[in-house]
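# Summary of structural features
Read off the chains here:
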Amino acid sequence: CVCPRIRPARFAAISPVSVIYRAIGSELMTVVKPPVTLVVLAGRYDRVHYALAMAAAALAINQPVTLFFTMGGVRALLADDEGGPGWRHLLAGEEGQPPLLADQALRQKGVGGFEELLEAVVGLGGKVMVCEMGLRAMGLAVTQLRPDVPVVPGGLVSLLTDCGTPNGLCVI
């Protein structure tokens with residue numbers, strides 16, 4: 001996916017409201033965009049990057065988005081440390097490149113990088129949830145996650161309640 005670089009400041013005026021109005025003749029018709037829920041299960045850089053790109057694109061057209069990070073995907077939300085960004089602990093993608101090199105290669109091709117996409121998702125009002133079971137399975141705690149990303153801890157019941165319908169649920 002070659003996605004344009006998305007900057008939250010550019011879309012700051014766009015409301016994340018899911019209801020838009022269309023004029024039909026002299027009447028207004030309400031169009032409700034269903035929410036998109038992306039379950040970020042895979043701990044591979046390329047899959048997490050693509051989930052962020054999908055989320056940013058949906059938010060840019062005022063479609064509400066929830067990203068639910070679980071199992072290996074929770075590594076994407078690890079706090080930075082002296083070694084660099086926490087997401088560098090994701091697994092290599094399909095091309096076999098470590099996450100930092102894969103991200104650099106994408107940015108050189110004009111594709112939004114990991115940090116840029118995550119910043120866009122947060123800036124455009126995307127909801128970021130983290131699975132408590134996934135954290136425990138990975139031996140992690142909420143305190144080890146990024147402080148700059150507002151994370152809502154929850155479980156499968158919270159996720160299914162939040163997404164409303166399985167039709168908008170996508171597992172990556």
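Residues numbered from 1 in each chain as written. Predicted model: local features only at pLDDT ≥ 70, side-chain atom pairs only at ≥ 80, totals over all residues. Heavy atoms only, no water.

### Regarding the environment of arginine 44
You can see arginine 44 is positioned in the loop between β3 (36–40) and α1 (45–60). On the basis of relative accessibility, which here comes to 24%, the residue arginine 44 falls in the partly exposed class. Arginine 44 sits 47 residues away from leucine 91 along the chain, and the two C-alpha atoms are 4.5 Å apart. When neighbours within four sequence positions are excluded, arginine 44 is seen to be in contact with Leu90, Leu91, Ala92, Gly93 and Glu94. Within the structure, the side chain of arginine 44 is placed 2.8 Å from the side chain of aspartate 46, a separation counted as a polar contact. (Helix = DSSP H or I, 4+ residues; strand = E, 2+ residues; numbered from the N terminus. Buried < 20%, exposed > 50% of the residue type's maximum accessible area, 1.4 Å probe, protein only. Contact = heavy atoms within 4.5 Å. Polar contact = N/O pair within 3.5 Å; in protein donor to acceptor, adjacent residues only side chain to side chain.)

### Examining unusual backbone geometry
Leaving glycine out, the prevailing phi sign among residues is negative, and the prevailing peptide bond configuration is trans. In this structure, asparagine 62 is a non-glycine residue whose phi angle is positive, near 65 degrees. By the secondary structure assignment, asparagine 62 is in the loop between α1 and β4 (65–69). Overall, the relative accessible area of 18% leaves asparagine 62 in the buried class. Unlike most non-glycine residues, methionine 71 shows phi in positive territory, near 45 degrees. Along the chain, the position of methionine 71 falls in the loop between β4 and α2 (99–108).

### Some thoughts on the pattern of salt bridges
Close approach of charged atoms allows side chains of opposite charge to pair. Scanning the entire structure with this criterion turns up six salt bridges. For arginine 44, the salt bridge identified is with aspartate 46, shortest N-O distance 2.8 Å. Salt bridges here are not isolated pairs; linked through shared partners, they connect Arg44, Asp46 and Glu94. (Salt bridge = Lys/Arg side-chain N within 4 Å of Asp/Glu carboxyl O.)

### Side note on the environment of leucine 67
Topologically, leucine 67 is positioned in strand β4. Once residues within four sequence positions are removed from consideration, leucine 67 is found in contact with Leu38, Val40, Ala51, Leu52, Ala55, Val121, Lys127, Val128 and Met129.

### Considerations on helix α3 (residues 114–123)
When we look at burial in α3, the residues that qualify are Phe114, Glu116, Leu117, Leu118, Ala120 and Val121. Buried positions along α3 lie against α1, β4 and α2. Two residues or fewer after α3 comes glycine 125, characterised by a positive phi angle close to 90 degrees.

### So, the nonpolar core
Core analysis: the largest hydrophobic core is formed by 35 residues, its most contacted members being Val48, Leu52, Leu67, Phe69 and Phe114. Here this core gets nine residues from one element, more than from any other, and that element is α1. When neighbours within four sequence positions are excluded, phenylalanine 69 is seen to be in contact with Val40, Val48, Val74, Ala76, Leu77, Val128, Met129, Val130 and Cys131. The next biggest cluster of nonpolar side chains, apart from the first, holds five residues, and it includes Phe68, Met129, Cys131 and Leu159. (Core = buried A, V, L, I, M, F, W, Y, C linked by side-chain atoms within 4.5 Å.)

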